[in-house]
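Listed here are the chains, written in short residue letters.
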Amino acid sequence: VSQSRYWFSANFTNIVSTGTGTAADPAIRPTSDTNTGIFFPAADTIAFSEGGTESMRIDSSGNVGIGGTPSSLLHLQGTSPALRIQAASGNTGVLDFYRTASVNSGQIASESTNALVFSTNTSTNSGLAERLRIDSSGNVGVGVASPATRLHVKTTSAETLRLERDGTAGQISSLSLIDGGGTSCRITSTAGALTLDTNGNTESKYDAYLDKIEAAV
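Residues numbered from 1 in each chain as written. Predicted model: local features only at pLDDT ≥ 70, side-chain atom pairs only at ≥ 80, totals over all residues. Heavy atoms only, no water.

1. Overview of unusual backbone geometry
The line we're drawing: The numbering of helices and of strands both runs from the N terminus, where a helix is a DSSP run of H or I of at least 4 residues and a strand a run of E of at least 2. Between buried and exposed lies partly exposed: a residue is buried under 20% and exposed over 50% of the maximum accessible area for its type, with that area taken using a 1.4 Å probe on protein chains only.
Phi at asparagine 114 takes a positive value of approximately 70°, unusual for a residue other than glycine. Summarising the element assignment, asparagine 114 is placed in the loop between strand 7 (104-110) and strand 8 (116-121). Even without a glycine there, the phi angle at asparagine 125 is positive, about 60°. Tracing the backbone through its elements, the reader meets asparagine 125 in the loop between strand 8 and strand 9 (128-134). Asparagine 125 sits in the partly exposed class, given a relative accessible area of 40%.

As structure tokens, then:
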């Protein structure tokens, strides 16, 4: 051990004392790799450098920054930062969200079937229940474990799907259906009235029903 960098405290209050160091010249480092090690950039802060560049730090609040100075408990910073969760072959990778030490309020799980499953706890905290999943085909299921179409919604509620416009009274809310050739059909709700627009031609829903009735007579 180099005596110019390390020394034993005479009263043994600290086992090893050292200077603060820098990323390029860390205070604690191996003899064979002098620009890689640990340094102390500020009070109550520990940082790690590799090749003379800071790679990670733990600040005085306990926040961990990888690739930069942290502003949250875990902060990843880089050109393409990524967080990887890898399970053993055939098992499920899980990301849990705990509201308290004992209450798991939500979960995102990647199943062995390559489905991504989103679950939340019940209002009585009786346990997690699946709410939504995206299967390996890209189909989205809400309330159904095996979605049969791009969007499959299943519920015991009388109201299955709601489209609501956020704004002032009189503004429209619409649903557009467009085929592969670009031909569109739009259903629009305005002030309690429902209209059907087929490729630019607006027709009242009730008129459409009357036309069908007259054609059948």
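2. Let's talk about the sheet that holds strand 8
Operational definition: Two strands form a pair only when DSSP identifies at least two bridges running between them. Axis definition: a line fit to C-alpha positions, over the contact stretch in the case of helices; interaxial angles, taken between N-to-C directions, run 0 to 180 degrees.
Here 6 strands make up an open sheet; going across it, the order is 6-7-8-9-10-11 and the pairing mixed. Because the sheet does not close on itself, it has two edges, and the strands there are strand 6 (93-98) and strand 11 (151-153). Sheet twist, expressed as the mean angle between neighbouring strand axes with direction ignored, is 20°. Relative to strand 11, strand 10 (residues 140-142) runs parallel, the two sharing 3 bridges.

3. Digging into a nonpolar patch on the surface
Our working rule: What goes into a patch is any residue over 30% in relative accessible area without a salt bridge, connected to like charges within 9 Å or, for nonpolar side chains (Val, Leu, Ile, Met, Phe, Trp, Tyr), within 5 Å. All accessibility values rest on the Shrake-Rupley procedure with a 1.4 Å probe; residue burial counts only the protein chains present in the view. Only one rule defines a salt bridge in this text: a Lys or Arg side-chain nitrogen within 4 Å of an Asp or Glu carboxyl oxygen.
Taken together, the side chains of Ile66, Leu74, Leu83, Ile85, Leu95 and Phe97 present a nonpolar region at the surface, about 560 Å² in accessible area. Tracing the sequence through the fold places leucine 74 in strand 5 (residues 74-76).

4. Some words on the pattern of salt bridges
Considering all chains together, one arrives at 7 salt bridges under this definition. Where arginine 29 meets aspartate 25, a salt bridge forms, and the shortest distance between an N and an O atom there is 2.2 Å. With a relative accessible area of 27%, arginine 29 lands in the partly exposed category. Its relative accessible area of 34% is what places aspartate 25 among the partly exposed residues. A salt bridge links glutamate 54 to arginine 57; the nearest nitrogen and oxygen atoms lie 2.7 Å apart. Note on glutamate 54: relative accessible area 26%, which makes it partly exposed. With a relative accessible area of 15%, arginine 57 lands in the buried category. Linked through salt bridges whose partners overlap, the residues forming this network are Glu111, Glu130 and Arg133.

5. Observations concerning the sheet that holds strand 5
Spatial strand order, 1-2-3-4-5: 5 strands in an open sheet with mixed pairing. With one partner strand each, in any of the chains shown, strand 1 (37-39) and strand 5 form the two edges of the open sheet. Averaged over neighbouring strand pairs, the angle between their axes works out to 25° when direction is ignored. Where strand 3 (residues 53-58) and strand 4 (residues 64-66) come together, 3 bridges link them in antiparallel fashion. If you follow arginine 57 over to strand 4, its bridge partner there is glycine 65.

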